[in-house]
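# Working through the structure, step by step
Listed here are the chains, written in short residue letters.
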Amino acid sequence: MSEKHNSLIDLPKSVDNAIQNLTDKPTQTIGGILSDMFYLVFGGASYYAEKKHITHEHKLNLYKSKLEKNIEKIPSQNLREPNLQTTGQALEDSKFCIESNELIDMFVNLISSSMDSSKISSVHPSFSLIIKQMSSFDAHILLYFKKQPSYPICNYQLKYPDDSYRILMQSVFMPSQMEDNQLTLNKISLSISALCHLGILEITYSRWSPEPLAFSIFENSNTYKLLKDKYEKDKNIVYIQKGDICLTNLGHSFCNTCVPNNFNN
């Protein structure tokens, strides 16, 4: 591969400079392959002709810079050429997520992990599509599971005198630093449902934590008290259906490969 081709001369100079070091370190071969992939996926004047081209160019430069820094951290003995299936697909999918710092951080981790022989066994090509289908809020929810793989979860249910019931709020998950109101809890519930659909998380109500205080956060929440005030009449009872939410095997590998310890925006 020629030096001229490695320099991405067909891209704007401001864009080319952000990835220039990749053509020199860790190796010219790897830098050249990544440069080619960036050009094939992001290259072409039409991308920068969009209404928000300045913002997009800035985001793309940050993307390349983050990737370069991650690759520099890989020990030289572990460095391998990027896998075309994983890296190419990740770059293609990431162009739809360029506005989200959280999702780009996960794509960076996925691509750099696919180039690290010590992590390659945990990398799967499907991770790219999973990230593409996530929201930034989903990414922040996964940070909790990066730190701890299992948590209590519950449904707030209404039981009628004839023992029938209906669910008032489903998949209630209360991580720290989240507001205790119905709007926020519904947003979290939607995120939980999406992550379960993607195969990252799973919920069961057949087992739960035996710790006495495990569900106290649900029992003491303002939302639960408001539901009891609203619905507990005529012998109706609002109660907590206890459950457990945890990472799947796929979720463990995904978090270890793609999810950083924190998002620095």
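Glancing now at the overall build of the protein chain. Scanning the protein chain for helices and strands turns up 13 helices and 4 strands. Counting only residues that meet the buried cut, the protein chain has 48% of its 265 residues in that class. Just so you have it, the protein chain exposes about 13,800 Å², and 50% of that area is on carbon and sulfur atoms.

With respect to the helices and strands, Tyr-156 occurs in strand 1 (residues 150-159). Sequence separation between Tyr-156 and Glu-219 is 63 residues; the distance between their C-alpha atoms is 9.9 Å. Those residues in contact with Tyr-156 that sit more than four places away from it in its chain are Ile-167, Leu-168, Met-169, Val-172, Met-174, Phe-218, Ser-221, Thr-223, Tyr-224, Leu-227, Tyr-239 and Ile-240.

Within this structure, the stated rule accounts for 1 cavity of 30 Å³ or more. One number sums up the size of the largest cavity: a volume of about 50 Å³. Surrounding the largest cavity, Lys-59, Leu-62, Tyr-63, Lys-66, Ile-98, Ser-100, Asn-101 and Ile-104 form its lining. Elements that contribute at least two residues to the lining of the largest cavity include exactly helix 5 (53-72) and helix 7 (101-113). Within the lining of the largest cavity, the residues separate by chemical class into 4 nonpolar, 2 polar and 2 charged.

Reading across from one edge, 2-1-4-3 is the order of the 4 strands in this open sheet, with antiparallel pairing throughout. Two strands close off the open sheet at either side, each with one partner strand: strand 2 (165-172) and strand 3 (201-204). For this sheet, the mean inter-axis angle between neighbouring strands, taken without regard to orientation, is 30 degrees. Pairing of strand 1 with strand 2 involves 5 bridges; the strand directions are antiparallel. Counted as the bridge partner of Leu-158 is Arg-166 from strand 2. Contacts from helix 9 (residues 136-147) reach strand 1, strand 3 and strand 4 (237-247), with the element oriented near 70 degrees to strand 4. Those strands touched by helix 10 (residues 182-197) are strand 1, strand 2, strand 3 and strand 4, and its axis lies near 80 degrees from that of strand 2.

Burial runs high along strand 1: 7 of the 10 residues are buried. Pairing geometry for strand 1 and strand 4, over 10 bridges, is antiparallel. Residue pairing in the sheet places Ile-153 in a bridge with Gly-243 of strand 4. The turn joining strand 1 and strand 2, which pair antiparallel and follow one another in sequence, is formed by 5 residues; a positive phi near 75 degrees is taken by Asp-163.

Once that is clear, we can look at the side chain of Asp-93. One can find Asp-93 in helix 6 (residues 84-94). When neighbours within four sequence positions are excluded, Asp-93 is seen to be in contact with Phe-107, Ser-128, Leu-129 and Lys-132.

Although it is not a glycine, Asp-234 sits at a positive phi angle of roughly 55 degrees. Its location among the elements puts Asp-234 in the loop between helix 12 (222-231) and strand 4. Owing to a relative accessible area of 67%, Asp-234 belongs among the exposed residues under this scheme. Not every positive phi belongs to a glycine, and Lys-235 is a case in point at roughly 70 degrees. Within the fold, Lys-235 resides in the loop between helix 12 and strand 4.

Reading the values: rules and limits
- Residues numbered from 1 in each chain as written.
- Predicted model: local features only at pLDDT ≥ 70, side-chain atom pairs only at ≥ 80, totals over all residues.
- Heavy atoms only, no water.
- Helix = DSSP H or I, 4+ residues; strand = E, 2+ residues; numbered from the N terminus.
- Buried < 20%, exposed > 50% of the residue type's maximum accessible area, 1.4 Å probe, protein only.
- Areas by Shrake-Rupley, 256 points an atom, 1.4 Å probe, with all protein chains shown as cover.
- Contact = heavy atoms within 4.5 Å.
- 1 Å grid on protein atoms, 1.4 Å probe; cavity = no way out; pocket = protein on both sides within 12 Å on 5 of 7 lines; lining within 4 Å.
- Points joined across faces, edges and corners; volume = space filled by probe spheres on them.
- Nonpolar A, V, L, I, M, F, W, Y, C, P; charged D, E, K, R; others polar.
- Pairing = 2+ DSSP bridges.
- Axes fitted to C-alpha atoms, helices over the stretch in contact; angles between N-to-C directions.

These results come straight from atomic positions and should not be treated as a statement about function.
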